[in-house]
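Overview (structure and organization)
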Amino acid sequence: MITAGIDIGSISTKAAVLSDGKLLGTRVIFTGYHAEAAGRTVFEELLTELGLERSAIRRVISTGYGRNSVKFVDKAVTEITCHGVGAFYLDPGARSIIDIGGQDSKVIVIDEKGKVKNFAMNDKCAAGTGRFLEVMARALEVDLGVFGNLSLKAGSPSRISSLCTVFAESEVISLISGGEHRENIIAGIHESIAARVAAMANRVGVVPPLVMTGGVAKNMGVVKALEKKLEMTIRVSEYAQVNGAIGAAVLGMSMK
Amino acid sequence: MAEKKTESMNLVQEIFLYFLAGIRRTLLRFKKRKKIKEILTVYYMEAKSARISGRKVAWITSGGPVEPLIAMDVIPVYPENHGAMIGASKMGTDLCETSESMGYSTDLCSYARSDIACATVNGGPIGGLPRPDMLVCCNNICGTVLKWYEVQARYFNVPLFIFDTPFCHTGFSEEVRRYVRRQLDEYVLFLEEACGKKMDHERLSNVGKLSLEAQRLWQAVLDTTVNRPAPMSAFDAFYHLALIVTLRETREAVDYYSRLLERMNDRVARGIGAIPDEKHRLLWDNIPIWHRTRWLSEKFASHNACLVADTYTSAWCGSMKYIDENNFFDSMAEAYTRIYLNIGVDEMARMVLAMVDKYNVDGIVMHSNRSCKPYSLGQYDIAKIVEKERGIPSLIIEADMVDERSFSESQVATRIDAFMEMIKAMRQ
């Protein structure tokens, strides 16, 4: 049985296709203005890439903040459930998941069967999300792709104390004008995110083995800062960013 | 000159309201099935024309001892009930912004903000509350009410009585009983001075009996939801609650809840549920998100989940056990001190656990209310205790009871959807 998962996030839209539980392929595009169009496009592009007809796909499950805007899917499931299922599929040993996406961050605790036991999400605030990093990258005029590696070279991370993204940005601007090294500022930004997410993780009772998913998992600076803060090793799959879409596709197999 | 003109216009308006209230009350008397809205309309009309009828109006906090007011023929008016009406009619954000431009902080309770703003602009769904002759502030629900009522006492230049109920961390001591009991005497003296007449203690005792009867009926109504399916939901309780808050010591409330109980028992007998297909039962904690009750109700119903009980509406009958029917006046001291918001988190958790068992719920939905710190503090601990003791999960929703700016629909929707997916998966 071939199933597909589409994860429409606030920044990027992801798709994954599975055949009898085996991953056939994934794709990531920018969401842009139109969530529904992004969902359709990423799905069609992936099918073309894999040389599959739409009729070959038995079930399509959508997830992410735009999950209800795509009408051609069989079911919409929240990203909490999908990230739980996806992480369990990629790493059956996983018991906790930290997912940092574009507009929210979440911590999910799953049981030995991959079912969600508990979860927490950030409150109405961009601190501790991918959007926070984007704002900071712009202020620092650094490409987000090199953010992680730069921060690993930091001598002593700056202290970013504000919880508000806008105020944190002005903190960063004053650090820049004070002549602080870019690496230290970036490391400080990562520590600030880690502190916020770690508090949430402790609140829901995070347990190892811990995996990290979502686009921000590609940023080694954040991963390292979180490992330090939580005193726990974090495993990152090469499919971390498309984990939600994979989870959705896995759910498609078991759906009645 | 302009002031004089407004004043005479107000007087004409009040005379008109007075006669209209008289007619509506007579009509209501002959009506068999009174609607809550009709009862409240007459109540507010009478309060707004109290100057004409020669009665006094007292503003009182929702948890305040109201029975002595009734015994003195004073009309009690509840700014918090008014706040709920403002929230439900989605007028909260505007009024909160008005109070913020007056200099009040956004961190202040939105009931307080909207009430303070409303007093100056006579806004809101009923054109502002009737002018008070006195204020009665009981701090058993929170500390904010102290400053809020002081502000209003200065604004309206009326006397304020503060009824201080010490927080009961672990229990209730003899010293606290004596301390609060003595204030009841002071309260009576305050009312006698404000009204220029003596308290009729026999009447007070009768008012107390009626109040207790209404509370028992209200509890009985809430208890009908132990049945599967529940004949009503917490969202219905939020609606029917209005009388137990504002008119609990009246024959009208007793009659209303007697009939409501009959109706609910009938639904139980016929197996009619509040939602079409009740599969999951949930408990609500904290003050409703007044501006989103319908949306929330539909959201949960779409998951076949019914909020069968809540810690909020039961608060108005939660301390019945401390009331002595034959000595109402003395027992008020304990009953008004040991209410849900004035006890320690351990005892709150015990009460929540008892409700979890009684109503047989599968999960708890907690509204972490930006406005209400005493209610929201301890929610994480209570959630952990319930999880540990009964293995039941809790969902925490961040919002505000009145201020719509603290609500994000898509974020709350995702949390509810994920919570329901989790509950469904757990029960598989």
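Quantities reported herein were computed from a predicted structural model and do not represent experimental measurements.

**A look at the overall build of chain A**
In terms of helices and strands, chain A carries eight helices and ten strands. Here chain A has a C-alpha radius of gyration of 18 Å; the compact-globule value for 256 residues is 18 Å, and the two agree. In terms of principal-axis extent, the alpha carbons of chain A reach across some 60 × 35 × 30 Å. Counting over 256 residues, chain A shows a buried share of 56%. Pairs at least 24 apart in sequence give 64% of the contacts found in chain A among residues at least 6 apart. As displayed, chain A has an accessible area near 11000 Å², and 52% of this comes from carbon and sulfur atoms. Charged side chains in chain A number 29 positive and 26 negative. The centres of these two groups are separated by 6 Å.

**Thoughts on the packing of aromatic side chains**
Residue and element names in this part refer to chain B. Taken as a whole, this structure holds 20 aromatic pairs over all chains when the rule is applied. Judged by centre distance (5.1 Å) and plane angle (20°), the rings of Phe161 and Tyr187 are stacked. Taken together, the positions of Phe161 in strand β4 (residues 160–163) and Tyr187 in helix α9 (residues 174–195) put the pair 26 residues apart, joining distant regions of the chain.

**Examining a nonpolar patch on the surface**
Residue and element names in this part refer to chain B. Judged by side-chain polarity, Leu11, Ile15, Tyr18 and Phe19 come together as a nonpolar surface patch covering roughly 360 Å² of accessible area. Assignment of secondary structure puts Phe19 in helix α1 (residues 2–30). When its relative accessible area of 53% is taken as the criterion, Phe19 is described as exposed.

**Things to note about the sheet that holds strand β10 (residues 234–236) of chain A**
All names here are of chain A. Read across the open sheet, the five strands follow the order β8-β7-β6-β9-β10; overall the sheet is mixed. Since the sheet does not close on itself, it has two edges, and those belong to β8 (116–121) and β10, each with one partner. Averaged over all adjacent pairs, the angle separating strand axes in this sheet is 25°, with direction ignored. In the packing of helix α6 (residues 182–204) onto the sheet, contacts are made with β6 (96–100), β7 (105–110) and β8, and the angle to β7 comes to roughly 30°.

**Points about the domain arrangement of chain A**
It is common to give the size of an interface as the accessible area that goes away when the parts come together. Residue and element names in this part refer to chain A. Domain boundaries in chain A define domain 1 (1–91 + 240–256) and domain 2 (98–236). The straight-line distance from the C-alpha centre of domain 1 to that of domain 2 is 25 Å. Taken together, the 14 residues of domain 1 in the interface contact 25 residues of domain 2. Across the domain 1/domain 2 interface, buried area totals approximately 1500 Å², and carbon plus sulfur atoms make up 68% of it. Taken as a group, Ile11, Ile80 and Phe88 account for 36% of the area that domain 1 buries against domain 2, more than any other trio of residues on that side. Where domain 1 touches domain 2, the interface holds one salt bridge.

**Considerations on the side chain of Asn140 of chain B**
Residues and elements named next belong to chain B. With respect to the helices and strands, the residue Asn140 is situated in the loop between β3 (134–138) and α8 (144–156). A relative accessible area of 0% means that Asn140 is categorised as buried. With sequence-adjacent residues up to four places away left out, Asn140 is seen in contact with Gly63, Thr165, Tyr336, Ile339, Leu341 and Asn342.

**Some words on the packing of helix α5 (residues 79–88) of chain B against helix α7 (residues 110–121) of chain B**
All names here are of chain B. Interhelical geometry of α5 versus α7 gives an angle of 95° and a closest axis separation of 9 Å. Classified by the angle their axes make, α5 and α7 are roughly perpendicular. Residues Pro79, Glu80, His82, Gly83, Ala84 and Ile86 of α5 form the contact with α7, whose participating residues are Tyr111, Ser114, Asp115 and Cys118. Partitioned by chemical class, the residues of the contact of α5 with α7 number five nonpolar, three polar and two charged.

**Observations concerning the pattern of salt bridges**
Between side chains of opposite charge, a pair can form as their charged atoms come close. Residues and elements named next belong to chain B. Under the criterion given, the structure shown has 40 salt bridges over all chains. Salt-bridge contacts for Lys147 lead to Glu150; the nearest nitrogen and oxygen are separated by 3.0 Å. With Lys147 and Glu150 both in helix α8, this residue pair falls three residues apart, about one helical turn. Under the relative-accessibility criterion, Lys147 is labelled exposed at 55%. Judged by its relative accessible area of 25%, Glu150 falls in the partly exposed class. When the shortest N-O distance is used, the salt bridge between Arg338 and Glu334 registers 2.9 Å. Taken individually, Arg338 and Glu334 each receive the classification buried, so the pair is uniform in this respect. Bridged by salt links that share partners, the residues Glu97, Glu100, Arg113, Asp403 and Arg405 form one connected network.

**Brief notes about the pairing of β7 of chain A**
Residue and element names in this part refer to chain A. Most of β7 is tucked away, with six of its six residues classed as buried. Neither face of β7 is open: one carries Ser105, Val107 and Val109, the other Lys106, Ile108 and Ile110, and all of them are buried. The pairing of β6 with β7 spans five bridges and is classified as antiparallel. The residue bridging Ser96 from the neighbouring strand is Val109, located in β7. A loop of four residues connects β6 with β7, the two strands running antiparallel in sequence. Here β7 folds back onto β8 in antiparallel fashion, the turn holding five residues, of which Gly114 has a positive phi close to 90°.

**Structural notes on the environment of Asn219 of chain A**
All names here are of chain A. Checked against the element boundaries, Asn219 lands in the loop between β9 (210–213) and α7 (220–230). Judged by relative accessible area, Asn219 falls into the buried class, the value being 9%. Distance from Asn219 to Ser151, taken between C-alpha atoms, is 9.6 Å for residues 68 residues apart in sequence. A polar contact of 3.1 Å, which involves the side chain of Asn219, links it to the side chain of His190.

**Section: the interface of chain B and chain A**
Across the contact, 21 residues belong to chain B and 18 residues belong to chain A. Along the contact surface separating chain B from chain A lie one salt bridge. In this structure, Asp417 of chain B engages Arg67 of chain A in a salt bridge whose closest nitrogen and oxygen atoms are separated by 2.9 Å. Run the count over chain B and chain A and you get seven residue pairs in polar contact (both at pLDDT 80 or more). Secondary-structure elements contributing two or more residues to the side of chain B that touches chain A are α18 (379–390), β8 (394–399) and α19 (409–427) of chain B.

Criteria and cut-off values
- Residues numbered from 1 in each chain as written.
- Chains lettered and ligands numbered in written order.
- Predicted model: local features only at pLDDT ≥ 70, side-chain atom pairs only at ≥ 80, totals over all residues.
- Heavy atoms only, no water.
- Helix = DSSP H or I, 4+ residues; strand = E, 2+ residues; numbered from the N terminus.
- Rg over C-alpha atoms; globule rule 2.2 N^0.38 Å.
- Buried < 20%, exposed > 50% of the residue type's maximum accessible area, 1.4 Å probe, protein only.
- Contact = heavy atoms within 4.5 Å.
- Areas by Shrake-Rupley, 256 points an atom, 1.4 Å probe, with all protein chains shown as cover.
- Lys, Arg positive; Asp, Glu negative; His and termini not counted.
- Charge placed at Lys NZ, Arg CZ, Asp CG, Glu CD.
- Phe/Tyr/Trp six-rings, centres within 6.5 Å; stacked < 30°, edge-to-face > 60°.
- Patch = residues over 30% accessible without salt bridge, like charges linked within 9 Å, V, L, I, M, F, W, Y side chains within 5 Å.
- Salt bridge = Lys/Arg side-chain N within 4 Å of Asp/Glu carboxyl O.
- Pairing = 2+ DSSP bridges.
- Axes fitted to C-alpha atoms, helices over the stretch in contact; angles between N-to-C directions.
- Domains from an automatic or database assignment.
- Buried area = accessible area lost by both parts, 1.4 Å probe.
- Parallel < 35°, antiparallel > 145°, perpendicular 65-115°, else oblique.
- Nonpolar A, V, L, I, M, F, W, Y, C, P; charged D, E, K, R; others polar.
- Polar contact = N/O pair within 3.5 Å; in protein donor to acceptor, adjacent residues only side chain to side chain.

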